[in-house]
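So the chains spell out like this:
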Amino acid sequence: MSDSPVPVRVVFVGGLGRSGTTLLERLLGEVPGVVPLGEVVHLWARGVLADEACGCREPFGSCPFWRKVGERAFGGWSEGLAHRVLALRHRVDRTRRIPVLAQLLTEERPGDGGWPSSGMAELSEYAAAHRRLYDAAGEVAGCPIVIDSSKHASLAFCLAAAGVDVHVVHVVRDPRAVAHSWHRRVARPEDGRPMTRWSPARTSLHWLAQNLSLELLARRGVSVTRIRYEDLLGAPADTLRRLVARIGLRPRLDFLADGGAELSMAHTASGNPMRFTVGRIGLTPDEGWRTAASGRHQRLVAALTWPLMHKYGYRGRLA
């Protein structure tokens, strides 16, 4: 290995949670030359500080992969580093900062818009920490492409505005299905505590905010490829083949077979319970929400998310 990390290409998986982002990351992680990192935005708090489990099921601090990444990128993980990155995130990586970050992408002079006088320096420092982590992870894994499935559009804007060459994969799913998923009770695999639940109305607003923000990112010249969750499950080979070609890799998809996929262990730092899955999984469309979610909730979500919902091709009948 060289003494300094070799720059890698960054694929950022964006979209609202429960839209299939973790599934897509796990599938892309099986493509030769790609290393999935999980939700890096949460690595600092949940990995470095809380020492939650890596996708390999080892505590973050005991995982050989992440220990090597930390040593190569920062000389080792530390609470001081994590607290500094979290402080920077609180200042620059916010949805309300997206309009100013969008101005930076068009090389316009940003207005005050709530942006602090030291904002550019903080943005650069915040993005640099991620850049060093990505490069180190790619070198430790021996892969030219890393995947960050942090989802948050604001982080994608931060990276792009700071000059990181990032390819964003924008994952969308029928908002009625997403709202049903957020309304269900799901336990966190790390400690058994219930995961956050949102009302259908709140989910609708977050669905709009994230997807409209990623639409804006594409209009600002950032490379964005949109993938529908339903297409990924309905035609996984075709969907992944097109996406992998866009990313610039050979579409070797021998892990797909007979309506399923074979997943190997991945060192993902955070994400939903699927990150721990190893072995065969089925890839079939999940339409259970159509009967499980109440008709009232479906109609409410459809009313709040129209017309973006229709732009993405979701016009199915309501229960």
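A brief look at the structure comes next. Keep in mind the model is a prediction, meaning the values are calculated, not measured. (Residues numbered from 1 in each chain as written. Predicted model: local features only at pLDDT ≥ 70, side-chain atom pairs only at ≥ 80, totals over all residues. Heavy atoms only, no water.)

### Some words on the overall build of the protein
Then comes step 1: Summing up its helical and strand segments, the protein has 14 helices and eight strands in all.
Then comes step 2: Computed over the C-alpha atoms, the radius of gyration of the protein is 19 Å, within 12% of the 20 Å expected from 2.2 N^0.38 for a compact globule of 319 residues.
Then comes step 3: Every one of the 319 residues in the protein was classed for burial, and the buried ones make up 54%.
Then comes step 4: The contacts in the protein between residues at least 6 apart in sequence include a share of 76% that link residues at least 24 apart.
Then comes step 5: Carbon and sulfur atoms provide 51% of the accessible area of the protein, an area that totals close to 14100 Å².
Then comes step 6: One way to put it: in the protein the 43 positive side-chain charges average out to a point 7 Å from where the 31 negative ones average out. (Helix = DSSP H or I, 4+ residues; strand = E, 2+ residues; numbered from the N terminus. Rg over C-alpha atoms; globule rule 2.2 N^0.38 Å. Buried < 20%, exposed > 50% of the residue type's maximum accessible area, 1.4 Å probe, protein only. Contact = heavy atoms within 4.5 Å. Areas by Shrake-Rupley, 256 points an atom, 1.4 Å probe, with all protein chains shown as cover. Lys, Arg positive; Asp, Glu negative; His and termini not counted. Charge placed at Lys NZ, Arg CZ, Asp CG, Glu CD.)

### Let's talk about the state of the cysteines
Then comes step 1: Summed over the entire model, instances satisfying the criterion amount to zero disulfides.
Then comes step 2: Here Cys63 stays unpaired: no disulfide links it, and the sulfur of Cys54, its closest cysteine neighbor, is 3.9 Å away.
Then comes step 3: Left without a disulfide partner, Cys143 is nearest to the cysteine sulfur of Cys63, which lies 14 Å away. (Disulfide = S-S within 2.5 Å.)

### Here we look at the sheet that holds strand 8 (residues 279–282)
Then comes step 1: Read from one edge of the open sheet, three strands run 6-7-8, paired in antiparallel fashion. Looking at the sheet topology across the chains shown, the edges are occupied by strand 6 (256–257) and strand 8.
Then comes step 2: Across four bridges, the pairing between strand 7 (residues 260–263) and strand 8 is antiparallel. Counted as the bridge partner of Glu262 is Arg280 from strand 8. (Pairing = 2+ DSSP bridges.)

### With respect to the packing of aromatic side chains
Then comes step 1: Throughout the structure, instances matching the rule amount to nine aromatic pairs.
Then comes step 2: Relative to Phe74, the ring of Trp44 has its centre 6.0 Å away and its plane inclined at 70°; by these criteria the two rings are edge-to-face. Here the residue Trp44 occupies a position in helix 2 (residues 43–49), and Phe74 occupies one in helix 3 (residues 64–74), the gap between them amounting to 30 residues. The residues Trp44 and Phe74 share a single accessibility class, namely buried.
Then comes step 3: With a centroid separation of 6.4 Å and an interplanar angle of 55°, the aromatic rings of Trp66 and Trp77 are classed as tilted. In this pair, Trp66 sits in helix 3 while Trp77 sits in the loop between helix 3 and helix 4 (79–92), placing the two residues eleven residues apart along the sequence.
Then comes step 4: Residue Trp66 is classed as buried on the basis of its relative accessible area of 0%.
Then comes step 5: Assessed through its relative accessible area of 22%, Trp77 is described here as partly exposed. (Phe/Tyr/Trp six-rings, centres within 6.5 Å; stacked < 30°, edge-to-face > 60°.)

### Here's the deal with unusual backbone geometry
Then comes step 1: A cis amide bond, omega 10°, links Trp306 with the succeeding residue Pro307.
Then comes step 2: In this structure, Pro307 sits in the loop between helix 13 (295–305) and helix 14 (308–311).
Then comes step 3: Its identity is not glycine, yet Asp51 carries a phi of approximately 55°, on the positive side.
Then comes step 4: Residue placement: Asp51 occurs in the loop between helix 2 and helix 3.

### Thoughts on the pattern of salt bridges
Pairing between side chains of opposite charge can happen when their charged atoms approach one another.
Then comes step 1: Evaluation of the coordinates by the stated rule reveals 13 salt bridges.
Then comes step 2: As a salt-bridge pair, Arg91 and Glu122 come within 2.6 Å of each other at their nearest N and O atoms. Remark: Glu122 occurs in helix 6 (residues 119–141) and Arg91 occurs in helix 4; sequence separation between them is 31 residues.
Then comes step 3: With relative accessibility at 34%, the residue Arg91 sits in the partly exposed group. (Salt bridge = Lys/Arg side-chain N within 4 Å of Asp/Glu carboxyl O.)

### Quick notes on the side chain of Arg131
Then comes step 1: Examined against the element boundaries, Arg131 turns out to sit in helix 6.
Then comes step 2: For Arg131, the side chain forms a polar contact with the main-chain oxygen of Val8, separated by 2.6 Å.
Then comes step 3: Here Arg131 is in contact with Pro7, Val8, Val10 and Val164, once residues within four sequence places are set aside. (Polar contact = N/O pair within 3.5 Å; in protein donor to acceptor, adjacent residues only side chain to side chain.)

### A short note on the environment of Val168
Then comes step 1: Mapped onto the elements of the fold, Val168 is located in strand 4 (residues 166–172).
Then comes step 2: Overall, the relative accessible area of 0% leaves Val168 in the buried class.
Then comes step 3: Apart from the residues within four sequence positions on either side, Val168 is in contact with Phe12, Ala156, Leu214, Leu217, Val222, Ser223, Val224 and Thr225.

### Notes on the nonpolar core
The tendency in soluble globular proteins is for nonpolar side chains to be buried as a group.
Then comes step 1: One finds Leu37, Phe65, Trp66, Leu133, Tyr134, Val168 and Leu217 to be the most contacted residues of the largest nonpolar core, which totals 56 residues.
Then comes step 2: Among the elements that make up this core, the one with the highest residue count is helix 6 (nine residues).
Then comes step 3: The residues touching Tyr134, leaving out its near neighbours within four places in the chain, are Val8, Val10, Leu37, Val40, Val146, Asp148 and Leu159.
Then comes step 4: Of all hydrophobic cores here, the second largest spans 28 residues; its members include Val31, Val34, Leu243 and Leu283. (Core = buried A, V, L, I, M, F, W, Y, C linked by side-chain atoms within 4.5 Å.)

### With respect to the sheet that holds strand 1 (residues 9–14)
Then comes step 1: The strand order across the open sheet formed by five strands is 2-3-1-4-5, and the pairing between neighbours is parallel. Edge positions in the open sheet fall to strand 2 (34–36) and strand 5 (223–228), since each of these has one partner strand only. Across the sheet, the axes of successive neighbouring strands diverge by a mean angle of 25°, strand direction being ignored.
Then comes step 2: Across five bridges, the pairing between strand 1 and strand 4 is parallel. Of the residues in strand 4, the one forming a bridge with Phe12 is Val168.
Then comes step 3: Here helix 6 sits on the sheet and contacts strand 1, strand 2 and strand 3 (145–151); the angle it forms with strand 3, its principal contact strand, is near 135°.
Then comes step 4: Strands in contact with helix 9 (residues 200–219) are strand 1, strand 3, strand 4 and strand 5; relative to strand 4, the strand with the most contacts, it is inclined by about 145°. (Axes fitted to C-alpha atoms, helices over the stretch in contact; angles between N-to-C directions.)

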